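Geometric and topological summary
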Amino acid sequence: MLIKVIEAKYLKSHQLDLKFNDGTCGTVDLERELRGPVFEPLKDVEVFKKFELDAWTVCWPNGADFAPEFLYDLVNKTHKVLNTSA
């Protein structure tokens, strides 16, 4: 199954609450992941809040995005995982 983000909600700072197409839900804190020229503008929380969902993942108007698999792994590493498919 290809993993994709189907819902995303801003929480605070650089944290998003995500839901994936397999029912997995959890929180990611992307503050430490904002490295490199395309992610630098997202350090401004007001810019970070302007995320959208495309067909697969969370993205921003400046072209920044994170692979859904990367976000899925982050959710699983935080141990804040809730699978609602059961």
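Going by the structure above, here's the rest.
Remember, predicted model here, so these are calculated numbers, not experimental data.

1. Focus: the pairing of strand β3 (residues 24-29)
- Where burial is concerned, most of β3 is hidden: five out of the six residues are buried.
- Relative to β3, strand β2 (residues 15-20) is paired through five bridges, and the arrangement is antiparallel. Paired with Leu-16 across the two strands is Val-28, which belongs to β3.
- Counting the residues between successive antiparallel strands, the hairpin from β2 to β3 contains three residues, one of them, Gly-23, with a positive phi of roughly 95°.

2. Some remarks on the packing of aromatic side chains
- Applying the stated rule across the entire model yields six aromatic pairs.
- Ring centres of Phe-20 and Tyr-72 lie 5.1 Å apart, and the angle between their planes is 85°; on these two criteria the pair is classed as edge-to-face. Highlighted residues: Phe-20 in strand β2 and Tyr-72 in helix α2 (residues 68-77), separated in sequence by 52 residues.
- Taking the relative accessible area as the measure of exposure, Phe-20 reaches 0% and is therefore buried.

3. Re the pairing of strand β1 (residues 5-12)
- With six bridges joining them, β1 and β2 adopt antiparallel strand pairing. Each residue of the ladder has a partner; that of Ala-8, found in β2, is Leu-18.
- In this structure, the hairpin formed by β1 and β2 is closed by a connection of two residues, where Ser-13 is found at a positive phi of approximately 45°.

4. Quick look at the environment of Tyr-72
- Exposure remark for Tyr-72: the relative accessible area of 18% places this residue in the buried category.
- Residues Tyr-72 and Thr-24, 48 residues apart in the sequence, show an inter-C-alpha distance of 8.2 Å.
- Once residues within four sequence positions are removed from consideration, Tyr-72 is found in contact with Ile-3, Phe-20, Asp-22 and Thr-24.
- There is a polar contact of 3.4 Å between the side chain of Tyr-72 and the side chain of Thr-24.

5. Some remarks on unusual backbone geometry
- In the Ramachandran plot, Ser-13 falls in the positive-phi region, its phi being about 45° despite a non-glycine side chain.
- Mapped onto the secondary structure, Ser-13 falls in the loop between β1 and β2.
- Residue Ser-13 is classed as partly exposed on the basis of its relative accessible area, which comes to 31%.

6. Some thoughts on the nonpolar core
- Among the nonpolar cores identified, the biggest contains 20 residues, and Leu-16, Leu-18, Phe-20, Leu-30, Val-58, Trp-60 and Leu-71 are the most heavily contacted of them.
- For this core, the elements supplying multiple residues, two or more each, are β2 and α2.
- It is α2 that provides the largest number of residues to this core, a total of four residues.
- Filtering out sequence-adjacent residues up to four positions away, Leu-18 remains in contact with Val-5, Glu-7, Ala-8, Thr-24, Cys-25, Gly-26, Val-28, Val-58 and Leu-71.

Calculation rules
- Residues numbered from 1 in each chain as written.
- Predicted model: local features only at pLDDT ≥ 70, side-chain atom pairs only at ≥ 80, totals over all residues.
- Heavy atoms only, no water.
- Buried < 20%, exposed > 50% of the residue type's maximum accessible area, 1.4 Å probe, protein only.
- Helix = DSSP H or I, 4+ residues; strand = E, 2+ residues; numbered from the N terminus.
- Pairing = 2+ DSSP bridges.
- Phe/Tyr/Trp six-rings, centres within 6.5 Å; stacked < 30°, edge-to-face > 60°.
- Contact = heavy atoms within 4.5 Å.
- Polar contact = N/O pair within 3.5 Å; in protein donor to acceptor, adjacent residues only side chain to side chain.
- Core = buried A, V, L, I, M, F, W, Y, C linked by side-chain atoms within 4.5 Å.

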